[in-house]
Structure formats: C-alpha cells, structure tokens
Amino acid sequence: MKAFFTQCWFLLTHRSFLTLLFFINLFGTIYGYIWYGSQLSRTEPKFLIFVPDSPTASLFFCIAVLGWIFGKHFKLIEALALITLVKYGVWAVVMNLLTLAEIGSIGPAGWMLVFSHGLMAVQAILYIANYRFGMVHIAIAAIWTLHNDVIDYVFGQMPTYSVLSQYASQIGYFTFWLSIVCIAIAYFVYTNIINTSRNHSS
C-alpha cells in the first residue's frame, strides 16, 4: 500500500503531470472569468477583484503549480490557493445542491459546476504535502478571505444564485464558517510542515 501511494505521489509531482495540471487550471480559470462576465459588467470597479471568487482561486493554484514546475515555492500564493480552492470548491458544490433541492433540477451546466468545483477542492487537498507557507502567509490569506466575505455579504457582491436569494443571510453565515474551517486547514498543514522540518533536522 505504501508503494502504491509513493507511486501516486511521484505521478502527481512529476513535471509533465504538473504541466498538464497547470493548463487544465488555466483553461478553467479563463472560462471562470468569462462565466462571471455578466455579473462583472454591472459591478462597481472597486469591487471587481472580489467578485470572481472561483476563477481567482484557481488562478492562485495556477501560479503555485507554475512555481512547483520550476522548483520554487510562492508561499503566499500557496496559502491563498489552499484556503480559497477548498472554500469556493465546497461552496459552489453546496450552492448547486441547494438549488437542486429548491427547484428539483440544475441541468448539465449545474452538474458541470458541481464536478469542476468539487475537483478544485480535491486538488488543493491532494497537494497538501507540497505547500511551504508559514504563519504570516496564512494570516494574510485569512484577511483576504474574510475581507472577501464582507464584500460579498455586506456590500452584496456575492455570486448570483437568484433561486437562493431568499437565503442570503443563512448563506453568508455558512460562508463565514466555511472560511474559518479552510483557514484552520491551512494552519493544520502549517503545523505539519513544522513537524516534518523538525523531524528531518533531528
């Protein structure tokens, strides 16, 4: 079993696979920004950076993967990628499933969003052993993430799910705690990075 996981990790971290992963996420990022086009067209300029949450999360991951391909670690980007990929991956899956429960159908596009965003969260977790961020990076990423929640649910810039608009307060509450959980995951990863470093140095 250990040999199997070793082989899987070798594949996941091989430069060829990372290159493929980079382009898959790059295309997904571009598509995501296009998908947000209608909402961005009516968004005030000062809020533009905070609206396309999922494509920005996958953009962070693209940059992190690009660093790994060339043997570098963009530590702040890695922290942002982990926290936001898991957060918005899980968030989109939950929102689409709630939409399904509300109206009974989400169509092929909805299931595509469930599948693609679920994979966003999965890939962030799969590469936990590759992250090298520290507490400062987590703190900055946490501020970004929680500030984004304020922009979304205080200033009304959350992604548009018209079917769920009546539940905006409950969704905002859920999103805040989802952010906290994702920040906690990043802290857990950081403590394991520290423990691994200590074990290697002893």
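So, how was this worked out
- Residues numbered from 1 in each chain as written.
- Predicted model: local features only at pLDDT ≥ 70, side-chain atom pairs only at ≥ 80, totals over all residues.
- Heavy atoms only, no water.
- Helix = DSSP H or I, 4+ residues; strand = E, 2+ residues; numbered from the N terminus.
- Rg over C-alpha atoms; globule rule 2.2 N^0.38 Å.
- Expected span 1.5 Å × (residues − 1).
- Buried < 20%, exposed > 50% of the residue type's maximum accessible area, 1.4 Å probe, protein only.
- Contact = heavy atoms within 4.5 Å.
- Disulfide = S-S within 2.5 Å.
- Core = buried A, V, L, I, M, F, W, Y, C linked by side-chain atoms within 4.5 Å.
- Axes fitted to C-alpha atoms, helices over the stretch in contact; angles between N-to-C directions.
- Parallel < 35°, antiparallel > 145°, perpendicular 65-115°, else oblique.
- Nonpolar A, V, L, I, M, F, W, Y, C, P; charged D, E, K, R; others polar.
- Salt bridge = Lys/Arg side-chain N within 4 Å of Asp/Glu carboxyl O.
- Patch = residues over 30% accessible without salt bridge, like charges linked within 9 Å, V, L, I, M, F, W, Y side chains within 5 Å.
- Areas by Shrake-Rupley, 256 points an atom, 1.4 Å probe, with all protein chains shown as cover.
- Polar contact = N/O pair within 3.5 Å; in protein donor to acceptor, adjacent residues only side chain to side chain.

*Asks:* Looking at this model, I keep getting lost on the overall build of the protein. Mind explaining?
*Replies:* Within the protein, the regular secondary structure consists of eight helices and zero strands. Reading the secondary structure of the protein in the N-to-C direction produces α-α-α-α-α-α-α-α. Relative to the 2.2 N^0.38 estimate, which gives 17 Å for 202 residues, the radius of gyration of the protein is 18 Å and therefore close to what a compact globule would have. C-alpha extents for the protein along the principal axes are approximately 55 × 35 × 30 Å.

*Asks:* Help me understand helix α4 (residues 53-69), please; the structure alone is not making it clear to me.
*Replies:* Taking 1.5 Å per residue, 17 residues should reach 24 Å; α4 reaches 25 Å between its end C-alpha atoms and fits that length. Of all 17 residues that make up α4, 14 are buried, and the element is covered over most of its length. A positive phi of about 75° marks G71, the residue just after α4.

*Asks:* Could you clarify how one ought to interpret the environment of F17 in this entry?
*Replies:* Here F17 shows up in helix α2 (residues 15-35). For F17, a relative accessible area of 25% puts it in the partly exposed group. The residues contacting F17, other than those within four sequence positions of it, are L11, L12 and Y127.

*Asks:* Which parts of the structure should I look at to understand helix α5 (residues 75-103)?
*Replies:* Three- or four-residue spacings in an α-helix give side chains the same orientation, since the helix completes a turn every 3.6 residues. With 29 residues, α5 extends 42 Å between its outermost C-alpha atoms, agreeing within 8% with the 42 Å of an ideal straight helix rising 1.5 Å per residue. Just past α5, the residue G104 takes up positive phi, approximately 90°.

*Asks:* Where do I start with the state of the cysteines in this structure?
*Replies:* Every disulfide links exactly two cysteines, by a covalent bond between their sulfur atoms. Within this structure, the stated rule accounts for zero disulfides. The thiol of C182 is unpaired, and the distance to the nearest cysteine sulfur, on C62, comes to 19 Å. The class for C182 is buried, based on a relative accessible area of 1%.

*Asks:* How do you make sense of the nonpolar core when you look at a structure like this?
*Replies:* General note: in soluble globular proteins, nonpolar side chains tend to be found buried as a group. If you look at the biggest cluster of nonpolar residues, it comprises 42 residues, and the most contacted ones within it are F61, V65, W68, L82, Y127, Y131 and F133. Contributions of two or more residues to this core are made by α2, α4, α5, α6 (107-126), α7 (135-153) and α8 (168-201). It is α5 that contributes the most residues to this core, 12 residues altogether. Contact partners of Y131, with chain neighbours within four places excluded, come to F61, W68, E78, L82, Q123, A124, V189 and I193.

*Asks:* Just to check I follow, could you spell out the packing of helix α1 (residues 2-13) against α2 for this structure?
*Replies:* Each pair of packed helices can be described by the angle between their axes along with the distance between the axes. It is at 5 Å that the axes of α1 and α2 come closest, and there the two elements cross at 55°. Accordingly, the angle class assigned to the pair α1 and α2 is oblique. For the pair α1 and α2, the contacting residues are L11, L12 and T13 in the first and R15, F17 and L18 in the second. Classifying every residue of the contact of α1 with α2 by side-chain character gives four nonpolar, one polar and one charged.

*Asks:* What is the right way to read the pattern of salt bridges from this model?
*Replies:* Oppositely charged side chains can pair when the atoms bearing their charge come close. As enumerated under the stated definition, the model contains two salt bridges in all. Two residues, K46 and E44, come together in a salt bridge whose shortest N-O distance is 4.0 Å. K46 gets classed as exposed once you look at its relative accessible area, which sits at 58%.

*Asks:* I'm lost on a nonpolar patch on the surface in this one. Help?
*Replies:* A surface patch of nonpolar side chains, about 430 Å² in accessible area, is lined by F23, F27, I30 and I34. Looking at the secondary structure, you find F23 in helix α2.

*Asks:* Help me understand the side chain of T84, please; the structure alone is not making it clear to me.
*Replies:* Assignment of secondary structure puts T84 in helix α5. A relative accessible area of 1% places T84 in the buried class. Here the side chain of T84 touches L80 through a polar contact of 2.5 Å, landing on its backbone oxygen. In contact with T84, other than residues within four places in its own chain, are A57, F60, G89, W144 and T145.

In short, the description is geometric, and any link to function would need to be established separately.
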